[in-house]
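# Per-entry structural report
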Amino acid sequence: MTETRKAPGRGLKRLAILTALTLGTAYGLVFFWTPNEADQGFVQKIFYLHVPMAIVTLGGFILGGIFGFLQLRSGDRKWDLRSYVAIHLSLMLAVGTLITGSIWARASWGHWWVWDEPVLVSFLIVFLLYACYQPLRFSIEDADKQARYASVFAVVAGAFVPLNFAAVRLAQAYTHPRVLGGAQNSMPGSMQLTFLLAIIGMTLLYITLWKFEITSKTTRMQLASIKRRLDSDATGSPA
Amino acid sequence: MFRNSIDLLRKDLLLEIRGRESVPAMVLLALSTLVVLHFALGQASLDGELASGALWITILFSATLGIGRLFVSESEDGGMDAVLLSPVDRTAILVAKVCALFTFLVAVQIVIVPAFALLLLGPHLAPALPKLAGILLLTDFAIATVGSLVGAIAVQSRIRDLLAPLLALPLLIPPLIAATHATAGILASGGPAGVPGRWPLIIALYALVFGLLGIALYDNVLDD
C-alpha cells in the first residue's frame, strides 16, 4: 500500500536549493546593487524584506482559506492539513511583517506605530483574528470535527482578509491623504527588478517551508500508524 | 423554511423570557462598562467621537457576551441533536439564530442607550435618536450575522467562552469602524450632523457578505 504512494518529500531538496539561490541573489542585489532611496536613505532597504513578507503572508492566509474550502467540499482531511500548515506559516511570517513594519515606521516616520497607515492597521486586525486559529483548532478534540471547524474558520477568515483591507482603507481614505500612494510606480528599474526577485524568493521560501512541514507531518503520521500496527501484531500473535 | 425559522426563533425567545440568561447579563455588563468608562475617561459628559466610541465599546462588549451564549441551549442537554433531527433546513436555523441575536441586541439597547444618555452623553438624545436608531439597527444586523457564525464555531470548542469574544472582536472591526464614524457625527456637540452614505453602505455590505458566508457554511457548522 505504501509502496505505490509517492514519497512525500520528493523534490524538496531541489526546491530548497532554488529558494536559497533566489533569496541569496535578491538580498545580494539589495545590498550591493540597488541605489539608496533619496528620501529615506539606507533604511528604505527593509522594504525588500517587509513588503514581500507581507504579500506572501496574506497570500498564505487566502491559500489556507481555499484549502479549507476544498476540505469542506471533499471531506478529505489532507486538505485540512494543507490549510493548517499554510495558516501556521503565514502566522509566523505575519509576526515578522509586523516587526519589520514597525522598525520601518520608526525609522522613516519616527514612530513605532502609525494609525494613519491603513495597510499596517488592517494587517494587525488580520493578525489578531488568525491568532485565534490555533486555540480554536486545538480546543476541539474530535479529529473530524477539528478538521471541519478549522476549515470553516479558514474560509471565513480568508474572506475577511480582503474585506477588512477594503473597509479600513475606505474609512481612512477620506480622512487622511495618502502620502505614499503611487510611490512604487516611480521606482527605478534596478529597484523594481530586485523587488520582484525578493517576492519570488519569499514565495519560494514559503512553498519550501510548507512542503517541508507537510512532509514532516505526513511522515510522522505514517510512522505512528506503522508503529501501531507493529504493536498490535506483537501483542496479537502469541494469544 | 420561513415557518421553521419563526418556530425556532420563538423557541429561542421563549427560552430567554423564561430563563433570562443572556439579556440581563448583557445589560448589566453594558451598564458596568459605562461606569468604568466614566472613571477611565475622567469625564462627566461626552460628545462627538468620544461619545460614539464609548457607546460602541459598551455595545460590543455586551454583544460578545450574547454571542458566547447563543448556542448554549443547543450544546447543553443534547439540544443540538433535537434541532438537527427535526426536518428543518440548516439555513432556517441560521436565520432563526440571526433574528434571535438581533432581538437580544435591540432589547439590550432599549435599556442601555437611554442609560448612556443619562449617565454620559452631553448633547440631548432626542434630536439624535432617529438617525442613531437607524445606525444601531443596521449594525445590530451586521453583529447578528457575524455573531451567529462565530457562536456556532465557538460552541464546539472546549474554551467556548474564551473563543467567542476573541473571534468576534476582530471580525466586527470593519462594521464598527463605519458605525463609530457615523455615530460621531450624530452625537456631535452642536446637534446631529448628516450621516455620509458610505458608512451605512459599508455596514450593510458587510452584513450581506457574512450572511451569504453563513448560508454557504452553515451545513458544515451545524453537524454533530
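Given the structure is predicted, the values throughout are model-derived calculations rather than measurements.

Criteria and thresholds
What you see as residue numbers is a count from 1 along each chain, following the sequence as written. Think of it this way: whatever chain is written first is A, whatever ligand is written first is 1, and the rest follow in order. Thresholds applied to this predicted model are a pLDDT of at least 70 for local features of residues and 80 or more for the giving and counting of side-chain atom pairs; totals over whole chains, interfaces and linings are not thresholded and use all residues. Helix and strand assignments come from DSSP, with helices taken as H or I runs of at least 4 residues and strands as E runs of at least 2, each series counted from the N terminus. The burial criterion counts other C-beta atoms lying within 10 Å of a residue's C-beta, which is placed from the backbone; the residue is buried at 20 or more, exposed at 12 or fewer, and partly exposed between these limits. Each residue gets a C-beta atom placed from its backbone, and two residues are in contact if those atoms lie within 7 Å. Our radius of gyration is a C-alpha quantity, and the globule rule it is checked against amounts to 2.2 Å times the number of residues to the power 0.38. Gly is placed with the polar residues, together with every amino acid not listed as nonpolar (Ala, Val, Leu, Ile, Met, Phe, Trp, Tyr, Cys and Pro) or charged (Asp, Glu, Lys and Arg). Think of a nonpolar core as buried Ala, Val, Leu, Ile, Met, Phe, Trp, Tyr and Cys residues chained together by C-beta atoms that fall within 7 Å. To obtain each axis, a line is fitted to C-alpha atoms, and for helices this fit is confined to the stretch in contact; angles are then taken between N-to-C directions over 0 to 180 degrees. By convention, the crossing between two helices is left-handed when the near helix turns anticlockwise from the far helix through less than a right angle, and right-handed when the turn is clockwise. Helix span, expected: 1.5 Å multiplied by one less than the number of residues in the helix. Should an angle fall under 35 degrees it is called roughly parallel, over 145 degrees roughly antiparallel, and 65 to 115 degrees roughly perpendicular, with every other angle called oblique.

## Let's talk about the overall build of chain A
- Along its length, chain A carries 7 helices and 0 strands.
- Each helix and strand of chain A, placed in order from N terminus to C terminus, yields the pattern α-α-α-α-α-α-α.
- Of all 239 residues assigned to chain A, the portion counted as buried reaches 33%.
- A fraction of 81% describes how many contacts in chain A between residues 6 or more apart in sequence connect residues 24 or more apart.

## Describing the overall build of chain B
- Assigned secondary structure in chain B consists of 9 helices and 0 strands.
- Along chain B, from the amino end to the carboxyl end, the secondary structure elements read α-α-α-α-α-α-α-α-α.
- Over its C-alpha atoms chain B spans a radius of gyration of 18 Å, differing by no more than 12% from the 17 Å that the globule rule assigns to 224 residues.
- Overall size of chain B, expressed as C-alpha extent along the three principal axes, is 55 × 35 × 30 Å.
- Counting the 224 residues in chain B, one finds 49% classified as buried.
- In chain B, once contacts between residues fewer than 6 apart in sequence are set aside, the share between residues at least 24 apart is 87%.

## Comments concerning the interface of chain A and chain B
- Listed by partner, the interface residues are 24 residues for chain A and 24 residues for chain B.
- In terms of residues, the side of chain A that touches chain B owes the most to one element, helix α6 (residues 143-173) of chain A, which gives 15 residues.
- When its residues are assigned to classes, the side of chain A that touches chain B shows 20 nonpolar, 2 polar and 2 charged.

## Here's the deal with the nonpolar core
- Residues F153 and A157 of chain A together with V146, V150, I153, L167 and I203 of chain B are the most contacted members of the largest nonpolar core, which totals 128 residues.
- With 16 residues, the single largest contributor to this core is helix α6 (residues 90-119) of chain B.
- Setting aside its immediate chain neighbours within four residues, L167 of chain B contacts C132 of chain A together with V150, I153 and A154 of chain B.

## Observations regarding the environment of D219 of chain B
- Structurally, the position occupied by D219 of chain B is in helix α9 (residues 198-221).
- Separated by 130 residues in sequence, D219 of chain B and D89 of chain B have C-alpha atoms that sit 9.1 Å apart.

## Describing the environment of K131 of chain B
Residues and elements named next belong to chain B.
- One can find K131 in helix α7 (residues 129-154).
- A C-alpha to C-alpha distance of 27 Å links K131 and S22, two positions 109 residues apart in sequence.
- Among residues more than four places away in sequence, those in contact with K131 are I186, P192 and V195.

## Observations concerning the packing of helix α3 (residues 77-109) of chain A against helix α4 (residues 118-130) of chain A
Residues and elements named next belong to chain A.
- It is at 10 Å that the axes of α3 and α4 come closest, and there the two elements cross at 145°. Judged by the twist between their axes, the crossing of α3 over α4 is left-handed. Of the residues in α4, those touching α3 at I87, L91, A94, T97, L98 and G101 are L120, F123, L124, F127 and Y130.

## Notes on helix α2 (residues 47-74) of chain A
Residue and element names in this part refer to chain A.
- Given a rise of 1.5 Å per residue, 28 residues ought to cover 40 Å, and the 40 Å separating the end C-alpha atoms of α2 matches this to within 8%.
- Burial analysis of α2 places 20 of its 28 residues in the buried class, the great majority of the element.
- Immediately beyond the C-terminal end of α2, within one or two residues, lies G75, with a positive phi of roughly 70°.

## Notes on the packing of helix α8 (residues 160-186) of chain B against α9 of chain B
All names here are of chain B.
- At a minimum axis separation of 8 Å, α8 and α9 run at an interaxial angle of 155°. Comparing the axis directions of α8 and α9 gives the class roughly antiparallel. Helix-helix and strand crossings are classified by hand; for α8 and α9 the assignment is left-handed. Contacts from P174, P175, A178, A179, H181 and A182 of α8 reach α9 at W199, P200, I202, I203 and Y206.
- Residue composition of the contact of α8 with α9, by class: 10 nonpolar, 1 polar and no charged.

## Re the environment of S83 of chain A
All names here are of chain A.
- One can find S83 in helix α3.
- The buried category is assigned to S83, around which 28 C-beta atoms lie within 10 Å.
- For S83 and L197, which are 114 residues apart along the polypeptide, the C-alpha to C-alpha distance reads 26 Å.
- When near neighbours in sequence (up to four residues on either side) are disregarded, S83 contacts G64, F67, G68, Q71, A150, S151 and A154.

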